[in-house]
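Listed here are the chains, written in short residue letters.
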Amino acid sequence: MKLYCLSGHPTLPCNVLKFKSTTIMLDCGLDTTSVLSFLPLPLVHSLRLSKLPGWSSKDGLINLEKELKECAGRVFVDSQPEFCLPERELLDLSTVDVILISNYHCMMALPYITEHTGFTGTVYATEPTLQIGRLLMEELVNFMERVPKAQSATCWKNKEIQRLLPGSLKDAVDVRSWKRCYSLQEVNSALSRVQLVGYSQKVELFGAVQISPLSSGYSLGSSNWIIQSHHEKVSYVSGSSLLTTHPQPMDQSSLKNSDVLILTGLTQIPTANPDGMLGEFCSNLAMTIRAGGNVLVPCYSSGVIYDLLECLYQFIESANLGTTPFYFISPVANSSLEFSQIFAEWLCHNKQTKVYLPEPPFPHAELIQTNKLKHYPSIHGDFSSDFRQPCVVFTGHPSLRFGDVVHFMELWGKSSLNTVIFTEPDFSYLDALAPYQQLSMKCVYCPIDTRLNFHQVSKLLKEIQPLHVVCPEQYTQPPVSQSHRSDLMLDLQPPPMPYGRCSVLNLPFRRRYERVYILPELANSLVPNEVKPGISVATVSAVLHSKDNKHTLQSVPKPPPAPPTKKRKRVMEEPPVVLAPKPLLSGAVPLEAFLVILQKHGVTEVKVEETADGYILHLQAQDTLIQLEEDGTHIVCDNNEPLRTTLRDLVLRFLQKL
């Protein structure tokens, strides 16, 4: 069993498991942190960005003024943002049989895999994961296509040039494989391969293994996966939460008795309490609005935004913010808000019960009805006529590199009355803000990440007790910025097996058993012998038939009759003599009882020597050795066949013939 690790990002994993003749890809996360190396894509022409000076090396040998621009001491690529894809050279991805998706954030690289590697298999995901994943992909395509860049920067990717570049560009990983965003056609083609599954539904893969998704408690439709054969079990835990939020709670009990547990997607902010961050978010928002400023919340169009809106729903009246408009701007804003209300069976119990009252499970429906929350596909059209300040705007993308958020950063960045509040943990807020410096607006970092922290995962692993744990190498040591915090790492016995990008791990267990079926007519012919109380054994002569990883014992076919010869006198050939198989022996030869029976047969001078495997009996008068071992008995007797036969018969008295 092997694990190929194609992504170095611990919360956006992409691994391939080879298990019992099947090749299974576990998630295909897209590392979008690469976009922080690029300049923002403004929706309207930005004089500030267009006047940024180009970059050239101090010695003047490298001049990339058309590709690289300087801003506040940092250098950015002036081109369409590109993404760091999962590794595609480590193994032939056309051999992948299935792809299992754990949540909608971990499927954003799917079109790159399904459309450009020769993949012909099936993708398995829950319905909310598919539908919300589709929204996020469509939004990403929309962000890119509405602000196209004519030029494409490639010279800076040259190895010789890259190592001379300043800052983060020099350290960027595998830049030659970075790719622009896929098209809407590729999204639709990739998602047409998805087969929907429900929690605890069992799916057979080629008769070899069975896969089953379990609720992970992190987001709508998010899953952990069980991959098991008749005798082995692998659990894949990715993006799980034990907090009481809107999704169904995590199914922990089904993860028990795992031979191997692959653990990814822990919280990116282990020191931040989500409830505390929500409180800070609300108080900073209220403070800014009361001072006459605007609040910008860069966020994804699904996920944490549902919890933020629910929190604000409870907070608005008590904070006297009833007249403040809330705007949600995204090409998929309407679909996202509607989807969250119709996936009732994927919600926690409290929200499910509201559906039968009937009430909408999320309070943002009421905010929309009372006109406190308005949603728009973009800043153009109706929004420009409805827009009034001070207000709160939820929009994407959290990287601040594309989407409507770029416009608001340019619009509000010059005033210290305004505040940008970062709630998504995927991007460093300092790196996200770098191309907007010098910035006057206030910046607040309230990352809300409900995924498992190290304390919770340690407690979980003690309860489910997997034999082996495999995890990203980042989880086996404290963060670089807090190297003294040994509580911010996995401290397990035995130690977890770490992996990094391009690692290939041999997972530490071997298949020991295989299930074999026996046909009824063959089973009917068996004659069992009881060897121990409750245990019977029978010998069988059969043909083993294997097809589609299913093994069956069938009766030995009888040989066809010989065709008659053309000779006038038929010679009746005698049938070949079929020797009966030697009987199998079971049991053990007890030393004391064997010595007694030897004495009765005149063998008195016996020297007994104990060995690691049993005993050696030296019959001195007869110059013979008898080795008594757990799984066999050997009689060494030269040129005395009658004695050897007698000793053999004495040994057989203690054994059972099958």
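Residues numbered from 1 in each chain as written. Predicted model: local features only at pLDDT ≥ 70, side-chain atom pairs only at ≥ 80, totals over all residues. Heavy atoms only, no water.

**What to know about the nonpolar core**
Logical step 1: The biggest cluster of nonpolar side chains holds 111 residues, and the ones touching the most others in it are M25, I99, L110, F394 and M409.
Logical step 2: Of all the elements, helix 3 (residues 127–145) adds the most residues to this core, at 9 residues.
Logical step 3: Taken domain by domain, this core gets at least three of its residues from each of domain 1 (2–266 + 453–506) and domain 2 (274–445).
Logical step 4: Beyond its immediate sequence surroundings of up to four residues, M409 is in contact with L296, L400, V420, L433, Y436, L439 and M441. (Core = buried A, V, L, I, M, F, W, Y, C linked by side-chain atoms within 4.5 Å. Buried < 20%, exposed > 50% of the residue type's maximum accessible area, 1.4 Å probe, protein only. Helix = DSSP H or I, 4+ residues; strand = E, 2+ residues; numbered from the N terminus. Domains from an automatic or database assignment. Contact = heavy atoms within 4.5 Å.)

**Overview of the sheet that holds strand 3 (residues 22–26)**
Logical step 1: Spatially, the 7 strands line up as an open sheet ordered 8-7-6-3-2-1-22, and their pairing is mixed. Two strands close off the open sheet at either side, each with one partner strand: strand 8 (194–196) and strand 22 (504–506). Going from strand to strand, the sheet's axes swing by 25° on average, the running direction of each strand aside.
Logical step 2: Bridging between strand 1 (residues 2–5) and strand 2 (residues 15–19) involves 4 bridges; their strand directions are antiparallel. When the bridges of strand 2 are listed, Y4 appears paired with V16. (Pairing = 2+ DSSP bridges. Axes fitted to C-alpha atoms, helices over the stretch in contact; angles between N-to-C directions.)

**With respect to the sheet that holds strand 16 (residues 373–376)**
Logical step 1: Pairing in this open sheet of 6 strands is parallel, and the strands run 16-15-17-14-18-19 from one edge to the other. Because the sheet does not close on itself, it has two edges, and the strands there are strand 16 and strand 19 (442–445). Across this sheet, the average inter-strand angle for adjacent strands is 20°, counted without regard to direction.
Logical step 2: In this sheet, strand 17 (residues 392–395) lies alongside strand 15 (residues 326–329) in parallel orientation, the contact comprising 4 bridges. In the sheet register, F328 faces strand 17, and the bridge partner there is F394.
Logical step 3: Packed onto the sheet, helix 8 (residues 304–315) meets strand 14 (295–298), strand 15, strand 16 and strand 17 and runs at close to 165° relative to strand 17.
Logical step 4: Against the sheet, helix 13 (residues 405–412) touches strand 14, strand 15, strand 17 and strand 18 (419–422), its axis set at about 150° to strand 14.

**Thoughts on the packing of aromatic side chains**
Logical step 1: With the rule as written, the count across this model stands at 20 aromatic pairs.
Logical step 2: Centroid distance W156 to W178: 5.9 Å. Interplanar angle 65°. Geometry classified as edge-to-face. Residue W156 is located in the loop between helix 3 and helix 4 (159–162), and its partner W178 is located in the loop between helix 5 (167–171) and helix 6 (184–191); the two are separated by 22 residues in the primary sequence.
Logical step 3: Owing to a relative accessible area of 0%, W156 belongs among the buried residues under this scheme.
Logical step 4: For W178, a relative accessible area of 5% translates into the label buried. (Phe/Tyr/Trp six-rings, centres within 6.5 Å; stacked < 30°, edge-to-face > 60°.)

**Looking at the domain arrangement of the protein**
Logical step 1: Domain boundaries in the protein define domain 1 (2–266 + 453–506), domain 2 (274–445) and domain 3 (585–657).
Logical step 2: Distance between the C-alpha centres of domain 2 and domain 3: 86 Å.

**Concerning the state of the cysteines**
Logical step 1: All told, the structure shown has 0 disulfides when counted by the stated rule.
Logical step 2: In this structure C71 is not part of a disulfide, and its nearest cysteine sulfur, from C443, lies 14 Å away. (Disulfide = S-S within 2.5 Å.)

**Looking at the side chain of E87**
Logical step 1: One can find E87 in the loop between strand 5 (74–77) and strand 6 (98–100).
Logical step 2: Its relative accessible area of 13% is what places E87 among the buried residues.
Logical step 3: Within polar-contact distance, the side chain of E87 engages the backbone nitrogen of E89 at 3.0 Å.
Logical step 4: The residues touching E87, leaving out its near neighbours within four places in the chain, are L6, L93, D174, R501 and C502. (Polar contact = N/O pair within 3.5 Å; in protein donor to acceptor, adjacent residues only side chain to side chain.)

**Examining the UniProt feature "domain: Beta-Casp" (unreviewed entry) in the protein**
Logical step 1: The UniProt record marks residues 305–433 with the feature "domain: Beta-Casp" (unreviewed entry), using the residue numbering of this structure.
Logical step 2: Annotation note: span residues 305–433, helix share 40%, strand share 12%, distance between end C-alpha atoms 21 Å. (UniProt positions renumbered as here; feature names shortened; annotations may be inferred.)

**Quick notes on the pairing of strand 1**
Logical step 1: Across 3 bridges, the pairing between strand 1 and strand 22 is antiparallel. The partner of Y4 across the bridge, within strand 22, is V504.

**Re the pattern of salt bridges**
For side chains bearing opposite charge, pairing can occur when the charged atoms are close.
Logical step 1: One pass over the structure, following the stated rule, counts 14 salt bridges.
Logical step 2: Measuring nitrogen to oxygen at the nearest pair gives 3.8 Å for the salt bridge that ties E87 to R501. A residue pair is termed long-range when its members are at least 10 positions apart, and E87 in the loop between strand 5 and strand 6 and R501 in the loop between strand 21 (497–499) and strand 22 qualify at 414 residues.
Logical step 3: Taking the relative accessible area as the measure of exposure, R501 reaches 22% and is therefore partly exposed.
Logical step 4: Note that R146 and D404 form a salt bridge whose closest N and O atoms lie 2.7 Å from each other. Of the two residues, R146 sits in the loop between helix 3 and helix 4 while D404 sits in the loop between strand 17 and helix 13, which places them 258 residues apart along the sequence.
Logical step 5: Look at R146 and you get partly exposed, because its relative accessible area is 27%. (Salt bridge = Lys/Arg side-chain N within 4 Å of Asp/Glu carboxyl O.)

**What about helix 18 (residues 641–652)?**
Logical step 1: When the terminal C-alpha atoms of helix 18 are compared, their 16 Å separation across 12 residues agrees well with the 16 Å that a helix rising 1.5 Å per residue should span.
Logical step 2: Of the positions making up helix 18, those classed as buried are L643, L647, L650 and V651. All buried residues of helix 18 lie within an arc of 100° about the axis, which places them on one face of the element.
Logical step 3: Its buried side turned inward, helix 18 meets helix 17 (591–600), strand 30 (614–619), strand 31 (624–629) and strand 32 (632–636). (Expected span 1.5 Å × (residues − 1). Arc of directions from axis to C-beta.)

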